[in-house]
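# Tertiary structure, described
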Amino acid sequence: PPPPAGSGAPPLPGAAPPPMAPPPPRMGPPGMGGAIPMMQPPGQGAGPLPPRMGAPPSRPSLPGTTPPSARAGQPFGGGYVQPAVGMSGDFDQPLAETFRALTVSSGPGGGSVISPAELQRPTAEELAEPMRLDTRGDSGRQRGQCPPKYMRMTTNALPNSPATKGKAALPLGAIIKPMARDDAAPVAVVNFGAVGVVRCRRCRTYVNPFVTFIDGGRRWRCNVCSLANDCPSDYICDLDEHGVRRDVAERPELSSGVVEFVAPAEYMVRPPQPPVFLFVVEVSYAAVSSGMLRCVAATLAHTIDHLPGGERTQVGVITYDSTLHFYNLHGSTPQMLVVPELDEPFCPMPGEALVNLSERRDVVKQLLEKLPSMFGATQATEVATGPALKAAYTVAQHVGGKVSLFSATRPTVGDGKLLNREGAGGAANGKGAEGGGLLAPACDFYKTLAVDCSKQQLCIDVWACHSAYADLATLALLARHTGGSVQHFPAFSDVAAGERLSRALQHSLTREQGLEAVMRVRASRGLRIAAFYGHFFIRGVDLLALPNVDEDKSFAVEIAHEENEIGASTACLQAALLYTTTSGERRIRVLTLELPVTSALNSIFDSADVDACVSLTARLAAEATLSASPLTGAEKLQNACLEALRAYRSLCPPHAKTTAALLLPENLRLLPLYTLAAMKAALYASPAEARADERAALIATIANASATEATVLAHPRLFQAYPPLEKGPNGLPAPLPLSAQSVQTNVAYLLDDGAQLSLWFGRDVPSEMLQAAFGWPSLQGVDLATLRLLPPNTSPVAAEIHALVDAARVGRPAGWTPLRVLVQGTSDTPFVRALIEDQTKQMMSYPEFLLHCHRYILSKA
């Protein structure tokens, strides 16, 4: 029998039709060897609501939330409804006020279906800006609150107790991006001078807009621990009739949720060190033949003139194959010194491997220009990555800095050599005795080295340009524990990916960054920080060590309750980052957010942030994948969505809770779609669809991504590129649903997945269009990896596509996203995988997943 209407997705137009068969019900996560039942999380569903007597209590003021208006697909209003006699539940819970009710009806063959018109998708306005909420300033938050660009809460109303948190079944935490760039509103810098930084003497919270001044302004009460602190004599100011300091408008620390303090000498362990950039470059046959060496050397030669730090900046270069190569840059020409010793690598010129860039700029450029020709005839295939990193540690441990590792071959000799584990039975499926299979590290060498580097303020960035399996899961530990990043360029070729590598490297070296940083997050009494997620090394129990922190790094925290109930009406979260600027000044960047505390579950749901919820859950799922298996990670994503929707249904009016309606919170109406999109990521795909290195790189990307960056990675944007459509103010047409039903074979589309732009052409696109865009009447037999658009002034078609690509790149963290060309049926797997609303071999379609959510909720009612 044919599948029920709306349950499956048609194949791409023009493709061979699959055999007609009913889609398997309730499919499980991918990569597990076929269809399995979707896992049912434990827990009992909340019962219906009891009678509510009297008038409803006033709702707390919720910063950052706007009451949603009535919309199509949302037939039910809110209020306090008299439930039927005998219904049980929480007697103090008001009913949900606004929600989306999706009609579940009977389809062909007796199955259930949801009308395609009621499927919840991001609107054009929600996808108009690539970073959405991150780019919209305060987004309605009250004055004094930290803008969401720097700190995003999963919900802007905090549950008052562990019981309330459990009933809401929403993740509770924050996504913090402390060095976020905001050119429109630069962070104010405050220098207290002789007064010293004003902090609570008990909990060490920094003074902020939510402290209360008492005793005529001579004392202030901490908003975190409630201790009354004395004001320094030079910091006292009279209060007005409302108890507010008269100089509050002149004090950024009392009027802004994000501020920087100039740190006095007691905040320094040692004098600020100069910015150090140490480049460790592989020069094996693979590195030379792929063009990696040429591309890296040319990019560095161009970029060193723009490195931050001015006259204080220091640089050094180490190259390696089966031996180590150091360079003396103190003479008029560079001199290479070879060290064949790998067991105990040493620097042949202690204290001289790093040079001041402003003094030796010409010699450094001369070396970088010569490197490709120096090793052009090499036949070396063995590489000593571990010894090279130990040598880099020896060179820079006294000063700290950033180490950039450029690798093209899996380490094969010396300490840290790695074997080819890919395809080794169960490990290939993400299973195995050690938990993560290929995603578990093969040895402890790189973690131990990374921890040592972190203690010496050394950050390591990994630039992986491998043509074969590299065991990136092990190498990524270098970045994970030093605050670095992982950049993955699989099957690297200078011709195909050289521009992408070059631009990414330039951005990495020149972006705003802080050195020798530590960060601590504090929460009000009754709350605690339960866990941290990101790239860092944790000292003690709550101090994050960050040898280098930049404008693209994000961190996540989970929040838990310390007490049975929070007595206060509001609670505060404050993140403080102590770091050294590249100009040598010690600063403290303080982010402060104060939120209402409530026992009303509907207030918690009305204040939920779907991007932050999905981002935090994705990090939890990635950690579960590392410690257990991809199946465990996919289950965590699914269970979080199911439990949140189950909890919300218990808040809806009784007349809305029919078996023919799936009820979605207004602020979380996209939660099922984003959850399904995250579950269909390569991290949870079958081994045949995603290699281990790709999964490891994706885990590293998720760990550093902000809330909306993580959402864009899971849910791409799809635009029609040709024939052109009417564009909005941002230069982009309306986005299309991510389904094969949106795709036609005679049309070209632009796909933006957050990391790369893909220009996809159907097999029936007119040859005139291809000729105008590329100068080829047909793309058959053309190497797509090297294919480039003609210049914009060549033809109107080329100009139109260039304008669309440029508009899609606006707002990206790196300012530039690489473009690749895909043709239907020719290596277009990335495009097909992005159609997340369609059914796959292992996963449901979007309508099927909604029906699965509905069945689960009803089973727990």
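### Brief notes about the pairing of strand 25 (residues 586-598)
Strand 25 sits mainly inside the fold: 13 of its 13 residues count as buried. Here strand 4 (residues 158-159) runs beside strand 25; their pairing, made up of two bridges, is parallel. Its bridge partner lying in strand 25, Pro-159 is registered against Thr-598. Where strand 10 (residues 258-262) meets strand 25, five bridges bridge the pair, whose relative direction is antiparallel. Counted as the bridge partner of Phe-261 is Ile-588 from strand 25. Note that strand 24 (residues 570-580) and strand 25 share eleven bridges and pair antiparallel. Following the sheet pairing, Ala-576 is matched in strand 25 by Val-590. Counting the residues between successive antiparallel strands, the hairpin from strand 24 to strand 25 contains five residues, one of them, Gly-584, with a positive phi of roughly 95°.

### Quick notes on the environment of Leu-227
Relative to the elements of secondary structure, Leu-227 occurs in the loop between strand 8 (219-221) and strand 9 (228-230). Sequence separation between Leu-227 and Cys-203 is 24 residues; the distance between their C-alpha atoms is 8.6 Å. Setting aside residues up to four positions removed in sequence, Leu-227 forms contacts with Cys-200, Arg-201, Arg-202, Trp-220, Arg-221 and Cys-222.

### Overview of empty space enclosed by the protein
Scanning the entire structure with this criterion turns up eight cavities of 30 Å³ or more. What the largest cavity holds in volume is close to 110 Å³. Lining the largest cavity are 14 residues, and of these Thr-617, Ala-640, Cys-641, Leu-671 and Thr-675 sit closest to its centre. Looking at the lining of the largest cavity residue by residue, the classes come out as twelve nonpolar, two polar and no charged. For the second largest cavity, the full set of lining residues is Gln-273, Pro-274, Val-399, Gly-400, Gly-401, Lys-402, Gln-457, Leu-515, Glu-516, Pro-547 and Asn-548. Counting residues per element, the ones that place at least two in the lining of the second largest cavity are strand 16 (401-407), strand 19 (513-523) and strand 22 (543-550). Looking at the lining of the second largest cavity residue by residue, the classes come out as four nonpolar, five polar and two charged.

### Focus: the pattern of salt bridges
Applying the stated criterion to the full structure yields 33 salt bridges. Here Asp-247 and Arg-245 are joined by a salt bridge, their closest N and O atoms 2.9 Å apart. Among the residues examined, Arg-245 registers a relative accessible area of 3% and is labelled buried. Among the salt bridges present, the one from Asp-752 reaches Arg-717, with a minimum N-O distance of 2.7 Å. One end of the pair, Asp-752, is in strand 28 (residues 748-752); the other, Arg-717, is in strand 27 (residues 717-722), with 35 residues separating them in the sequence. For the residue pair Asp-752 and Arg-717, the accessibility class agrees, reading buried in each case. Each of Glu-260, Glu-512, Glu-585, Arg-587 and Arg-589 takes part in one network of salt bridges that share partners.

### Observations regarding a nonpolar patch on the surface
Together, Met-336, Val-338 and Met-374 make up an exposed nonpolar region whose accessible area comes to about 240 Å². Mapping Val-338 onto the fold places it in strand 14 (residues 335-339). On the basis of relative accessibility, which here comes to 46%, the residue Val-338 falls in the partly exposed class.

Criteria and thresholds
- Per-chain numbering applies: the sequence of each chain, read as written, is numbered from 1 onward.
- In keeping with the model being predicted, local features are shown solely for residues with a pLDDT of at least 70 and side-chain atom pairs are shown and tallied solely at 80 or more, while totals for entire chains, interfaces and linings include all residues.
- As a rule here, side-chain values come from all non-hydrogen atoms in the structure, and water together with hydrogens is ignored.
- Classification of residues uses two cut-offs on accessible area relative to the type maximum, computed with a 1.4 Å probe and protein chains only: under 20% is buried, over 50% is exposed, and between them is partly exposed.
- Starting at the N terminus, helices and strands are each numbered in turn, a helix being any DSSP run of H or I of at least four residues and a strand any DSSP run of E of at least two.
- One requirement defines pairing of two strands: DSSP has to find at least two bridges between them.
- For this analysis, residues touch if any pair of their heavy atoms sits within 4.5 Å.
- Grid points spaced at 1 Å and placed over the protein atoms alone form the basis of the search, with a cavity being a set where a 1.4 Å probe fits but cannot get out and a pocket an open set showing protein on both sides within 12 Å along at least five of seven lines. Lining residues have an atom within 4 Å of a point.
- Grid points are joined across faces, edges and corners, and a volume is the space filled by probe spheres set on the points.
- Polarity classes work like this: nonpolar for Ala, Val, Leu, Ile, Met, Phe, Trp, Tyr, Cys and Pro, charged for Asp, Glu, Lys and Arg, and polar for all others, with Gly in that last group.
- Within this document, salt bridges are pairs made up of a side-chain nitrogen of Lys or Arg and a carboxyl oxygen of Asp or Glu, the two lying within 4 Å of each other.
- Every patch collects residues that have over 30% relative accessible area and no salt bridge, joining them within 9 Å if they carry like charges and within 5 Å if they are nonpolar side chains (Val, Leu, Ile, Met, Phe, Trp, Tyr).
- Each accessible area is a Shrake-Rupley estimate made with a 1.4 Å probe; only the visible protein chains count as cover when residues are assessed.

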